[in-house]
Amino acid sequence: MSKHPDYSLLELASVREGDSVGTTLANSVAYAQHAEKLGFKRFWLAEHHNMEGISSSATSVLIGHIAGQTSTIRVGSGGVMLPNHPPLVIAEQFGTLESLYPGRIDLGLGRAPGTDPVTARALRRDGLGAEQFPEDVARLQTLLGPLKAGQPVKAIPGADTNVPIWLLGSSLYSAQLAAMRGLPYAFAGHFAPRLYREALRVYRDNFQPSEQLSEPYAMLAVPAVPADSVEEARFLATTSYQRILALFRGQPLWMKPPVDTMEGLWNAGEEAGVRDFLGLQLLGDATSIRQQIDNLLSTAEVEELMFTVDIYDPAKRRHALDILAATRDQGTNSTALIN
């Protein structure tokens, strides 16, 4: 494809070991503000529950907070886990957000619970699960669209706000549904890299134009560890390795400082599992990451890349965005961004 993809960010509001949630969210605001200055397109927050170390559970509240502290970047959900919520409640929440921040709100939807089975049961209404997802998406589209004569249930606010709906997925199911409904599609390559080529191809091959979208629009989420040198990036990446290892072991997901070596922290099987989980991870300086992005784009056509950046130090994490921006703004002026 001729045009280089736009760049966006996915945020979990990850809590550093020993930090408060308040400090974490202040860091998330500064991170979003820096992304806005650099021209990143979107800043999405992911819904997770009952996970020590992740503070983005009240997703719509955080979207409003971030949108209120920024002025141009689009802010949204990556995603709202729809089985956890009545569509009317989500329509009212996002209709309110769109009314407060017109033209800047995105509603990304997932069909997983974003948590463990016990917590999912605590969240879920009437025992409904993912099997209800297509109907719930259709209800949301109706509630956020123009009011129809005699419509018995209205989202107020929400009706006729036409908040853009995205479908998120890590399998072929959501790719097929997004194509059938004519919705934009985001693939979760940051934790499920295996099917990204096939899912994106299924989406494009089967896309049906809709009122929201005339042509397919795809986004791929990938993990990234940008740094001033490849050596520093390898060091900083050990934060995400420790975190995924904790996830596999069912331990709290606090962000831990990077370490000189992972030897002794994981066994061979765990190392293989972590590296497979992070199979699409981009790692290195601006030059090497740009090459990795070019290689990735040769395998799949996307309009947008969305990065997850797990770096322990907040200042280094913001600086990582300078490096990513340099890979996007290729040319003689791009080096100025990383000096």
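Look up a bit, the structure's there.
The sections below set out a description of the structure shown in this document. (Residues numbered from 1 in each chain as written. Predicted model: local features only at pLDDT ≥ 70, side-chain atom pairs only at ≥ 80, totals over all residues. Heavy atoms only, no water.)

### A few points about the packing of aromatic side chains
And step 1. Overall, the coordinates contain 10 aromatic pairs when judged by the stated rule.
And step 2. Residues Tyr 7 and Phe 40 carry aromatic rings whose centres are separated by 6.2 Å and whose planes lie at 45 degrees to one another, so their mutual orientation is tilted. Placement of the pair is Tyr 7 in strand β1 (residues 6-11) and Phe 40 in the loop between α1 (21-37) and β2 (42-45), with a sequence separation of 33 residues. For the pair Tyr 7 and Phe 40, one class covers both residues: buried.
And step 3. For the pair Tyr 31 and Phe 43, a centre-to-centre distance of 5.9 Å together with 70 degrees between the ring planes defines the contact as edge-to-face. Placement of Tyr 31 in helix α1 and of Phe 43 in strand β2 is noted, with a sequence separation of 12 residues between them. With respect to class, Tyr 31 is no different from Phe 43; both count as buried.
And step 4. One aromatic cluster in this structure is built from Tyr 7, Phe 40 and Phe 307.
And step 5. Arg 275 extends its terminal NZ or CZ atom over the ring of Tyr 241, reaching a point 5.1 Å from the ring centre. (Phe/Tyr/Trp six-rings, centres within 6.5 Å; stacked < 30°, edge-to-face > 60°. Helix = DSSP H or I, 4+ residues; strand = E, 2+ residues; numbered from the N terminus. Buried < 20%, exposed > 50% of the residue type's maximum accessible area, 1.4 Å probe, protein only. Lys NZ or Arg CZ within 6 Å of the ring centre and 35° of its normal.)

### Quick look at helix α9 (residues 238-249)
And step 1. The terminal C-alpha atoms of α9, which comprises 12 residues, lie 16 Å apart, in line with the 16 Å expected from a rise of 1.5 Å per residue.
And step 2. Counting buried positions along α9 gives nine out of 12 residues, so the element sits mostly inside the fold.
And step 3. Listing the buried residues of α9 in full gives Thr 238, Thr 239, Ser 240, Tyr 241, Gln 242, Arg 243, Ile 244, Leu 245 and Ala 246.
And step 4. Looking at the buried residues of α9, the elements they touch are α8 (230-236), α10 (268-277) and β8 (282-284). (Expected span 1.5 Å × (residues − 1). Contact = heavy atoms within 4.5 Å.)

### Focus: the pattern of salt bridges
Between side chains of opposite charge, pairing is possible as soon as their charged atoms come close.
And step 1. Scanning all chains against the criterion turns up 14 salt bridges.
And step 2. The shortest N-O distance in the salt bridge between Asp 6 and Lys 41 comes to 3.5 Å. Remark: Lys 41 occurs in the loop between α1 and β2 and Asp 6 occurs in strand β1; sequence separation between them is 35 residues.
And step 3. Arg 74 is paired through a salt bridge with Asp 106; the nearest N and O atoms lie 2.8 Å apart. Taken together, the residues Arg 74 in strand β3 (residues 74-81) and Asp 106 in strand β4 (residues 105-110) connect sequence positions 32 residues apart.
And step 4. On the accessibility criterion, Asp 106 (1% relative accessible area) is buried.
And step 5. Salt bridges linked by common partners bring Arg 42, Arg 74, Asp 106 and Glu 304 together as one network. (Salt bridge = Lys/Arg side-chain N within 4 Å of Asp/Glu carboxyl O.)

### A closer look at the nonpolar core
And step 1. Residues Phe 40, Leu 107, Leu 109 and Phe 307 are the most contacted members of the largest nonpolar core, which totals 95 residues.
And step 2. When residues of this core are assigned to their parent elements, the largest contribution, seven residues, is made by strand β7 (residues 218-226).
And step 3. Ignoring sequence-local partners within four residues, the contact set of Leu 109 consists of Val 80, Leu 82, Phe 133, Val 137, Leu 140, Ile 165, Trp 166, Leu 167 and Leu 168. (Core = buried A, V, L, I, M, F, W, Y, C linked by side-chain atoms within 4.5 Å.)

### A closer look at the pairing of β2
And step 1. On β2, burial covers both faces: Arg 42 and Trp 44 on one face and Phe 43 and Leu 45 on the other are all buried.
And step 2. The pairing of β1 with β2 spans three bridges and is classified as parallel. Directly across from Leu 9, in β2, lies its bridge partner Phe 43.
And step 3. Chirality of the crossover, the property in question, places the unit of β1, α1 and β2 among those that are right-handed.
And step 4. Of the strand pairs in this sheet, β2 and β3 are connected by four bridges, and their pairing is parallel. Paired with Arg 42 across the two strands is Arg 74, which belongs to β3.
And step 5. Crossover connection from β2 via helix α2 (residues 59-68) to parallel β3: handedness right-handed. (Pairing = 2+ DSSP bridges. Right-handed = clockwise from strand over helix to strand, strands pointing away.)

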